[in-house]
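# Observations on chain architecture
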Amino acid sequence: MPATSERRNDIKESQPMPVDTELEHLPAALRWREWMGRIEAVIFAASEPVTREILARVVGKSCNIDLIIDDIRDELRGRPYELVSVAGAWQHRTRKNYADAIRAATGQGADSSAGRSLSQLENLVLMCIAYFQPITRAELSSFFGKEVSRDLIGVLRSQDFIASGPRSPTQGAPYTYVTTRTFMSHFGLNTLRDLPDFDALEDAGLLSKEKLLAGESPFGLLGGEDPSDGEPSGVEEIGQTE
């Protein structure tokens, strides 16, 4: 059966070549250096944050990935890019103090992987989902005092910032919404615990529902630019009406 034989050959050729992960033939120092190089190369080549499970494919069982990451970070000190933890994974990113230079040269920010910029209203709804997830569209509408449209939710879903969560135990069992790994990557969060503490912001008088509805967002406290910068203040409508 020639056709079957050809298919088997194709499958063989498509499978990745095995990699010697243990490197027992190398002295300990050279083995560690090779593991560092492999991990940095995999992260550098990836378009998304790389998980521990993926990195484990190229290093030995005795390799401590966290220590490898620490050593790579030490070597990158003073470089215009760094290795950051994002949603439990790792990613190379340009340092924020070079954002203006990158924007001047390319017209884009340091992180240009996302789609179009979100509007102020979209950012505020996204912020509410981040803090109060899982949350339904009706609960979001109640928070803002106006209906949050399906169109606006669709925009956040199309950029993979939110996804459907568990159904709410309320009448009709509507879907809830939760944030995604893409959301965490976009805002440089390793876990949701890295969000500015909402209660602490309220207690300090830095944030309130009135301030949110006026267009203020705690996302600017994450160390990057406030996504609402340059947008007019005031929430007049929450997406397209249905």
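Residues numbered from 1 in each chain as written. Predicted model: local features only at pLDDT ≥ 70, side-chain atom pairs only at ≥ 80, totals over all residues. Heavy atoms only, no water.

With that settled, the discussion passes to helix 7 (residues 137-144). If you check which residues of helix 7 are buried, you get Arg137, Leu140, Ser141, Phe143 and Phe144. Looking straight down helix 7, one finds that the buried residues subtend no more than 155 degrees of arc, so they occupy a single side. Exposed residues pointing more than 90 degrees away from the buried face of helix 7 are listed as Ala138 and Ser142. Immediately beyond the C-terminal end of helix 7, within one or two residues, lies Gly145, with a positive phi of roughly 80 degrees. (Buried < 20%, exposed > 50% of the residue type's maximum accessible area, 1.4 Å probe, protein only. Helix = DSSP H or I, 4+ residues; strand = E, 2+ residues; numbered from the N terminus. Arc of directions from axis to C-beta.)

Attention now goes to the pattern of salt bridges. With the rule as written, the count across this model stands at seven salt bridges. One salt bridge connects Arg33 with Glu75, and the closest N-O pair in it is separated by 2.8 Å. With Arg33 in helix 2 (residues 28-45) and Glu75 in helix 4 (residues 65-75), the pair connects residues that are 42 residues apart, well separated along the chain. For Arg33, a relative accessible area of 45% gives the class partly exposed. One salt bridge in this structure joins Arg95 and Glu82, with 3.1 Å as the shortest N-O distance. Of this pair, Arg95 sits in the loop between strand 2 (89-94) and helix 5 (99-106) while Glu82 sits in strand 1 (residues 81-86), and the two are 13 residues apart along the sequence. Judged by relative accessible area, which is 25%, Glu82 ranks as partly exposed. (Salt bridge = Lys/Arg side-chain N within 4 Å of Asp/Glu carboxyl O.)

Read these as spatial facts, not as claims about activity.
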